[in-house]
Each structure stands twice: as C-alpha cells, then as structure tokens.
Amino acid sequence: MWPNAARSVPAAAILLAIGFSAVMVVGGEGYDGSDLRIVGGFPASQAATMHQVSIRVKSSDEKSFGSGHICGGSLINNHTVLTAAHCLVDGSNRKRAANYFRVVGGNLNLTVTSANSVILDVSQVVIHQRYNPANFEHDVGLLILSSIVPATHPTLRPIQMIQIKPNAGVVCQTSGWGTPIFGQNIKMAVLMAVNVTVQATNVCNGTSSYNGFIKNGMLCAGDVLGNKDACQGDSGGPLVCNGVLAGIVSNGKDCGLANFPGIYADVAHYREWILTSGAQRSVAGGMAVALVALGLLYGKIVQRLMM
C-alpha cells in the first residue's frame, strides 16, 4: 500500500497517483473487466461514481488522450475538485501551475471520449498550507475549474461531503484507474471500484501495522487480511461511505497488503478548510474564481501517484 511509519519508505514504494513514465493501458473500449481490476475490485458503476474525475497532465493528455492521467479527484460543487495535495506538487514539493493540469470527467473509460465527456482547464490550484509530504499530514488540495459543470449533466455530478468521520466497521467504496498490481506500469482504461471497511485508528496504529503513523485528519480503510485496496494511480480519488464523500486516497504500504489498510485524508476533519478555501461559493456563470491564501510546502515527498 503506502508508507510505513516504522521505517523509511522510498517514494517509489508509495501509492503514487502521479503515474508512471512509461505506462501500459489495459482494458479499453469493449473491455468487460473480467480479467484485470483494481486490487480486489470490480468495474465501477456510472451511477455510483458520477463525482469521479481524472486529473491529468494537460500537455501529455493533448498528445494522447488518457496518457496524462496522474490522479483521481471528486467533484464537490460545479467548479471545484477535491483531491490529494501530493497530486498537485512537483518533485521538489512546489505547487504546480494551474495550466499544468486538466480535469476529465463524465466517462468511465480513461482513453475514450463520448458525448458525455467533460474536459476542463484549471484556473487555480489550492494546497493545504500545512501539508507535510514527509508524513502525509494535511494531504488535501483543490482544483478550481475554469468553467462550471452544468447542473443538468447526465454523468458528472457533485458529491456531498460527510460531516462526521465514519465509524469503524462501515463498508465504503473507493475507485480509480490505477494499477491492479503494486509497482506495475499499468493504468486501467476502465474505472474500477473496490469495497473496503473502515478500520479503527488504534488497530492501524498497532505495532503490526502502521505503528503510530496515522494522525488526526487521517483514516484507514481496507481488509486486514489484505487483497482489497486502492493502488498506484488512484491517489486523490474518493472514499465514499453511505453515499457521501468520506475520504481522499492518500498513501499506504504497497497495495492490498495484509495488516496495512489504505490511508485516506479524513474529509470530515478538513470540511471547514475545504469550504473556506475556495469550495464554498457557488459559481453561476462561465469562470470559477477563488481567492485563497496559501502557505508554504515543506519536507520530502512520499505518495501514491502514477508517474
């Protein structure tokens, strides 16, 4: 899954959503999801994932549609995508420019456009001012879109954010186009999903697991026996519990490893920051604008990206 608190983990061993330099895309048009899948997962349903978007490197994606995918994200209103902070910085932990990104939604297929596909530029990048890439604290960020998503769009809709952290034992769903096998240069062409169970923080912080790595603002979810998890290429994507957005894919040790459930940023914990950092105001017309005071980034980066 992702980083282990008990020892130093190289950046390549984290669930990087900012993809691989040379990536094989599997699946594609007509793919039925029967052979390759997110770790322990299944093909996602459009109805259950209308909030899901693909965050992409614009220059790469313009050359080959789908190749620019680096992270997942969730549309939380008609002009704002919620994702992980580590998706939005470069190798030196500096915030990337808005024109580096574009956002694609409305379609389950990563590499195919349809009448429902939405391709949007980004007008502003917002990163939590206390984001720490050394331990993934405050791994929360926003992309303010250059245009609004119509309220009547049939396959791309905002999702409500949870108000209270889900209890241990609640079954949730995470989704993404990431690799089904940790460390493999594969992106799934078809959006995949997996059901995971929220685990008690004290269990995840046990000596046989993350050994104290889980901090306030994080939650862990997965199967303690392993085999059900997000993986590389899924960072920034959603954890949905009872129909509302409860977590943001952040980090973990390998993918689907026993005793190491996935680690997510806790949306309830950051709800106020999200609402006051550009996601609160409703945008009625063409441009989405947010004025946000940003802090400095610091530390070394370790994340779940797709390079």
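Remember, predicted model here, so these are calculated numbers, not experimental data.

Caption draft 1: Fine view of the pattern of salt bridges. All chains considered together, the criterion is met by four salt bridges. Linking Arg-56 and Asp-61 is a salt bridge whose minimum nitrogen-to-oxygen distance equals 3.1 Å. Judged by relative accessible area, Arg-56 falls into the buried class, the value being 1%. The residue Arg-94 makes a salt bridge to Asp-90 at a minimum N-O spacing of 3.1 Å. When its relative accessible area of 53% is taken as the criterion, Arg-94 is described as exposed. Relative accessible area serves as the criterion here: at 14%, Asp-90 is assigned to the buried category. Each member of the salt-bridge network shares a partner with another, and the members are Arg-56, Asp-61 and Arg-102.

Caption draft 2: Examining the state of the cysteines more closely. A complete count under the given rule lists three disulfides for this structure. A disulfide bridge connects Cys-71 with Cys-87, and the sulfur atoms are separated by 2.1 Å. Sign of the S-S torsion, about -95° for the bond between Cys-71 and Cys-87, identifies this disulfide as left-handed. Of this pair, Cys-71 sits in strand S4 (residues 69-77) while Cys-87 sits in the loop between strand S5 (80-83) and strand S6 (101-105); the two residues are 16 residues apart in sequence, bridging distant segments of the chain. By relative accessible area, Cys-71 is classed as buried at 0%. Judged by relative accessible area, Cys-87 falls into the buried class, the value being 0%.

What counts and what doesn't
- Residues numbered from 1 in each chain as written.
- Predicted model: local features only at pLDDT ≥ 70, side-chain atom pairs only at ≥ 80, totals over all residues.
- Heavy atoms only, no water.
- Salt bridge = Lys/Arg side-chain N within 4 Å of Asp/Glu carboxyl O.
- Buried < 20%, exposed > 50% of the residue type's maximum accessible area, 1.4 Å probe, protein only.
- Disulfide = S-S within 2.5 Å.
- Helix = DSSP H or I, 4+ residues; strand = E, 2+ residues; numbered from the N terminus.

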